[in-house]
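Overview (structure and organization)
Given next are the chains, with one letter for each unit.
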Amino acid sequence: MTFPHRHLLGIEQLSAPDLTRLLDLADTFLEISERPIKKVPTLRGRTVINLFMENSTRTRTSFEIAAKRLSADAVNISGSGSSTSKGETLLDTARNLEAMRPDIVVLRHSASGSPHFIAQRVGCAVVNAGDGAHEHPTQALLDCATIRKHKGRIDGLEVAICGDITHSRVARSNILALSRLGARVRVCGPGTMLPVGIEAMGATVVRRLDDALDGADVVMMLRIQKERQGAPLIPNTREYARTFGLGPRNVGLAKPDAIIMHPGPINRGVELDPAVADGSRSVILDQVTYGVAVRMAVLYLLGGGIEVSTSGGSAGSDAEKRS
Amino acid sequence: MNYVLRDGRIIDPTSKRDEEADLVIENGRVTRIGRGLRAPAASREIHCKGLLVTPGFVDLHTHLREPGQEYKEDIASGTRAAAAGGFSTVCCMANTTPVNDCRAVTDLIVRRAREVGATRVFPVGAITKGLGGAELAEMAEMREAGIVAVSDDGLPVMNAELMRRALEYARTFGLPVVQHCEDKHLAAGGVMNESASSTRAGLKGQPSAAESVMVARDLELVALTGARYHVAHVSAAASVRLLREARKRGLPVTCEVTPHHLTLTDVVCCGYDTATKVAPPLRTQADIDALKEALADGTIDAVATDHAPHSLVEKDVEFDLAAFGMVGLETALPLLLGLVEDKVITLERAVYLLTAGPAQIFAFPEAFGTLIEGVVADVTIIDPAARWTVQREALLSKSKNTPFHGRAVLGRVKATLVGGRIAYDGSGELAQPGEGKG
Ligand SMILES: [Zn+2]
């Protein structure tokens, strides 16, 4: 069975079986990542271009490592996505990319819909590595993989996503993915950071953090992204930390075995108290580890298109024999 | 050349005529309407059996882009597109380069329109110099040169004191003030309507209140000044409600709606097609329902296109960066006839909204939008049964930024006459060699 999608533009296009398939494959690749020799020859000879028009060392590095562990040739291109008059237009960027005949383009861009724009204009697969406030599908996949590892399931879990929901592509992709996999998602934040109609995506709006934490299996704290805010949405970070921050005083409201997540980078002392970020419930570094495995799974399915055995270590070699 | 339009279904909302009859055009004017009329000397017969014969359409809201942005559109191409859409009169907005804020620019547009225009062109002057929102433009002199209204369209007049003075000053010259209602603080950075769709698309929305708060403010200023006020491209349910109440209070206010705000919801923006990016933004189904109700009950007086041509330079970019606007002259009629087919409005009402309705709003020098004996022969001939598909390449406008590409529609303009001359001939039958060179 081939993966029924040419691109990964968002979680929106993925069904529950698609998601499960990616998560299963990520588990396989996680195992590879824990071997002494982490490289498999699956995508040898394939070119992956990481086009990052918005700064994100973390995500770019994760994609780069993923590509390299699959033996693809990974090239990083960075630029400024906000250039309008000066600099190259996205159309010219697309045409230049196309001329270089890559197999996969991984795009991070500040404008929502940019991966869709590129996907319509190039012949290769496009992976959305975060577009504006729209989606960040690989982040949601790695979050789901992490949750599944710690909780053994996603179906039936209570997940609280707290922070600036309005400007968060991580929140959107997670709401879609988690609700599609059977979790119940609550979103919480100041009224200025709760977007209109978020319920239609599959979330319940909770106004107070205490209520959001109450009985939660998973607590996902979002970074307050000041640079995205067009208008002042909160008086200051001090009041925000007191009202919407997670710390020792309120973390106990969640279930005793609840896990704490954050897509990073953390504003320590703002949305997350260091004691919780570094505490025993925190799975933040597992998220980073899964980031590479999930991106390997995505690149593998879009770049190779040949199913691997999910029985473990033979993933790469199986695929190679058949390619 | 004189014409006899034979056996067409003549629909004239002003005279309440809706019957199969002949219409005789002599020396650029409608001279007789009736059955079995004798053709005058040196005339051609146009067989209109099965076709609709209506007054020429009047568009209150067109961007012809000349002077200054001729790569998007010019007076020649824009009026050709207008004639193809059934319009015999278009009112061009002031946001050209330079801005139409003084007599010299008005004169230029009027002269160019006379030289190359396929239709009548009436300029709309700016409210403020350079659309700067700070000082009043020279309305008196522009009025002498031929403007029929004033508007800073594209930009709202944010300053309430200035808006009050604009209303008072324009009233002196009998000019309606046309407002593009958009509170710039509420709308700041918004690229589509704020709704569940903008949330899903991750695009910054403008709430419909950005429009309606300015409508509400302006209506109070109208009450203060008694001036004629017209809301351009009304799009929000709340705005319509305010306007309906204002009409009940007897305020001298009118409004127009575009075909696209009646037919597309903001859901289409989720595909990031920049042809759907328009100001005001496409709204929700609830807004469309309110607009349709207002269209039927008389709160809305006119359908206007807000024909806003943009080239690929402005449109083949990220949604966030794309220019606002879509072309509309050539799709207005079939989109409106779609509402007739859906029983939202009657055919007679649809014709009114394109003709007599708009013709009464601006300060035109003549009676347009009606077919009675003696009026200028601005006539549109329509095949109401023609089914066709909108093709962006086939548009006569220089710009192709339409979200209706590929849409199957019903009803098509066969011909448009302006002052008794054929401005558009869709079938090519009217300009056969050896005939009618008069
Ligand atoms: Zn406007």
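Scoring rules and cut-offs
Residues numbered from 1 in each chain as written. Chains lettered and ligands numbered in written order. Predicted model: local features only at pLDDT ≥ 70, side-chain atom pairs only at ≥ 80, totals over all residues. Heavy atoms only, no water. Helix = DSSP H or I, 4+ residues; strand = E, 2+ residues; numbered from the N terminus. Rg over C-alpha atoms; globule rule 2.2 N^0.38 Å. Buried < 20%, exposed > 50% of the residue type's maximum accessible area, 1.4 Å probe, protein only. Contact = heavy atoms within 4.5 Å. Areas by Shrake-Rupley, 256 points an atom, 1.4 Å probe, with all protein chains shown as cover. Lys, Arg positive; Asp, Glu negative; His and termini not counted. Charge placed at Lys NZ, Arg CZ, Asp CG, Glu CD. Pairing = 2+ DSSP bridges. Axes fitted to C-alpha atoms, helices over the stretch in contact; angles between N-to-C directions. Phe/Tyr/Trp six-rings, centres within 6.5 Å; stacked < 30°, edge-to-face > 60°. Lys NZ or Arg CZ within 6 Å of the ring centre and 35° of its normal. Donors = N, O, S within 2.8 Å, 3.2 Å for Na, K, Ca; no water. Domains from an automatic or database assignment. Buried area = accessible area lost by both parts, 1.4 Å probe. Core = buried A, V, L, I, M, F, W, Y, C linked by side-chain atoms within 4.5 Å. Salt bridge = Lys/Arg side-chain N within 4 Å of Asp/Glu carboxyl O. Polar contact = N/O pair within 3.5 Å; in protein donor to acceptor, adjacent residues only side chain to side chain. pLDDT = per-residue confidence, 0-100. Parallel < 35°, antiparallel > 145°, perpendicular 65-115°, else oblique. Left-handed = near helix turned anticlockwise from the far one by under 90°. Nonpolar A, V, L, I, M, F, W, Y, C, P; charged D, E, K, R; others polar.

Each helix and strand in chain B was counted, giving 14 helices and 18 strands. Taken against the 2.2 N^0.38 rule, which gives 22 Å for 438 residues, the C-alpha radius of gyration of chain B at 21 Å falls within 12% of a compact globule. Its C-alpha atoms give chain B principal-axis dimensions of roughly 60 × 45 × 45 Å. Classification of the 438 residues of chain B by burial places 62% in the buried group. Within chain B, counting contacts between residues at least 6 apart in sequence, those at least 24 apart form 74% of the total. Surface accessibility of chain B: about 15,500 Å² in total, with carbon and sulfur atoms responsible for 51%. For chain B, the distance from the average site of its 48 positive side-chain charges to the average site of its 56 negative ones is 3 Å.

Attention now goes to the pairing of strand S8 (residues 218–221) of chain A. All names here are of chain A. Residues Val 218 and Met 220 of S8 are buried on one face, and the alternating residues Val 219 and Met 221, pointing to the opposite face, are buried as well. Both strand S5 (residues 158–162) and S8 contribute to a ladder of four bridges, which runs parallel. Looking across to S8, one finds that Ile 161 is bridged to Met 220. One ladder, built from three bridges, connects S8 with strand S9 (residues 259–261); its direction is parallel. Paired with Val 218 across the bridge in S9 is Ile 259.

Now for the sheet that holds strand S6 (residues 184–188) of chain A. All names here are of chain A. In spatial order, the strands read S7-S6-S5-S8-S9; together these five strands make up an open sheet with parallel pairing. On the outer flanks of this sheet lie strand S7 (203–206) and S9, each paired with one strand and no other. Taken over all neighbouring pairs, the strand axes of this sheet differ in orientation by 25° on average, direction set aside. Bridge analysis of S5 against S6 gives five bridges, and the strand direction is parallel. Note on S6: the bridge partner recorded for Ile 161 is Val 187.

Once that is clear, we can look at the packing of aromatic side chains. All names here are of chain B. Here the structure, examined in full by the defined rule, presents eight aromatic pairs over all chains. Members of the aromatic cluster, joined through ring pairs, are Phe 122, Phe 362, Phe 364 and Phe 368. Over the aromatic face of Phe 324 sits the side chain of Lys 277, whose NZ or CZ is 4.7 Å from the ring centroid. The ring of Trp 388 carries Arg 412 above its face, with NZ or CZ at 4.0 Å from the centroid.

Attention now moves to the coordination of the zinc ion. Residues and elements named next belong to chain B. For the zinc ion, the full set of protein donor atoms is Asp 153 (OD), His 180 (ND1) and His 233 (NE2), at a range of 1.9 to 2.2 Å. Counting along the primary sequence, the residues that act as donors to the zinc ion give the motif D-x26-H-x52-H. Of the two residues, His 180 is situated in the loop between strand S10 (177–179) and helix H5 (184–187) and His 233 in the loop between strand S13 (229–231) and helix H8 (237–248); the sequence distance between them amounts to 53 residues. Here His 180 matches His 233 in class, with each residue buried.

Attention now moves to the domain arrangement of chain B. Residue and element names in this part refer to chain B. Each assigned domain of chain B is listed here: domain 1 (2–53 + 375–425) and domain 2 (56–359). One C-alpha centre belongs to domain 1, the other to domain 2, and the line joining them spans 25 Å. Contacts between domain 1 and domain 2 engage 36 residues on the former and 47 residues on the latter. Between domain 1 and domain 2 the total buried area reaches about 3,100 Å² when both faces are included, carbon and sulfur atoms providing 64% of it. For domain 1, the biggest contributors to the area lost against domain 2 are Lys 398, Asn 401 and Phe 404; these three give 21% of the whole.

Here the focus is the nonpolar core. One finds Tyr 229, Val 234, Leu 295 and Leu 336 of chain B to be the most contacted residues of the largest nonpolar core, which totals 74 residues. The greatest single-element share of this core, amounting to six residues, is contributed by helix H12 (residues 332–341) of chain B. A domain-level breakdown of this core finds at least three residues from each of domain 1 (2–53 + 375–425) and domain 2 (56–359) of chain B. Filtering out sequence-adjacent residues up to four positions away, Leu 336 of chain B remains in contact with Leu 262, Val 303, Ile 345, Ala 350, Leu 353 and Leu 354 of chain B. Core analysis: the second largest hydrophobic core is formed by 69 residues, Leu 14, Ile 161, Val 170 and Tyr 290 of chain A among them.

At the interface, 25 residues of chain A touch 14 residues of chain B. Each partner contributes to the roughly 1,500 Å² buried at the junction of chain A and chain B, and carbon and sulfur atoms together form 57% of this total. Where chain A packs against chain B, one counts two salt bridges. One salt bridge in this structure joins Glu 12 of chain A and Arg 200 of chain B, with 2.7 Å as the shortest N-O distance. At the junction of chain A and chain B, the tally comes to seven residue pairs in polar contact (both at pLDDT 80 or more). At the level of elements, helix H3 (90–99) and helix H4 (114–119) of chain A are the ones that each hand at least two residues to the side of chain A that touches chain B. In terms of residue count, the dominant contributor to the side of chain A that touches chain B is H4 of chain A (three residues).

What follows deals with the side chain of Glu 73 of chain B. All names here are of chain B. Of note, Glu 73 is situated in the loop between strand S6 (57–62) and helix H1 (75–84). Buried and unpaired, Glu 73 has no salt bridge, with Lys 398 as the nearest side chain of opposite charge at 6.3 Å. Looking at Glu 73, its side chain comes within polar contact range of the side chain of Ser 397, at 2.6 Å. Reaching out from Glu 73, the side chain makes a polar contact with the backbone nitrogen of Lys 398 at a distance of 2.9 Å. Beyond its immediate stretch of four places on either side in the chain, Glu 73 contacts His 63, Leu 64, Arg 65, Glu 66, Gly 78, His 307, Pro 309, Ser 397 and Lys 398.

Across all of its chains, the model carries 41 salt bridges over all chains by this definition. A salt bridge links Asp 217 of chain A to Lys 255 of chain A; the shortest N-O distance between them is 3.0 Å. One end of the pair, Asp 217 of chain A, is in the loop between helix H7 (209–213) and S8; the other, Lys 255 of chain A, is in the loop between helix H9 (248–251) and S9, with 38 residues separating them in the sequence. Judged by its relative accessible area of 4%, Asp 217 of chain A is buried. In this structure Lys 255 of chain A comes out as partly exposed when scored by relative accessible area, which is 31%. When salt bridges with common partners are traced through the structure, they connect Glu 66, Arg 111, Arg 112 and Glu 115 of chain B into a single cluster.

So, about the confidence of the model for chain B. Across chain B, pLDDT averages 96, with 98% of residues at or above 70. Ignoring residues within four places in sequence, the model shows residues 432–438 of chain B, a span with pLDDT below 50, making five contacts including any to other chains.

Residue and element names in this part refer to chain B. Inspection of the secondary structure assignment puts Glu 330 in the loop between helix H11 (312–315) and H12. Here Glu 330 sits buried without a salt bridge, and the closest side chain of opposite charge, Lys 400, lies 6.7 Å off (N-O distance). A distance of 3.1 Å separates the side chain of Glu 330 from the backbone nitrogen of Ser 397, its partner in a polar contact. Apart from residues lying up to four places away in sequence, Glu 330 is in contact with Ala 81, Ala 84, Gly 85, Trp 388, Ala 394, Leu 395, Leu 396 and Ser 397.

Looking now at the packing of helix H5 (residues 137–151) of chain A against helix H6 (residues 169–180) of chain A. Residues and elements named next belong to chain A. Between H5 and H6, the least distance of the axes is 8 Å, while the angle of their chain directions is 50°. Between H5 and H6, the interaxial angle falls into the category oblique. Note on packing geometry: the crossing formed by H5 with H6 is right-handed. Contact residues: Pro 137, Gln 139, Ala 140, Asp 143, Cys 144 and Ile 147 in H5; Val 170, Ser 173, Asn 174, Ala 177 and Leu 178 in H6. Residues that form the contact of H5 with H6 fall into these classes: seven nonpolar, three polar and one charged.

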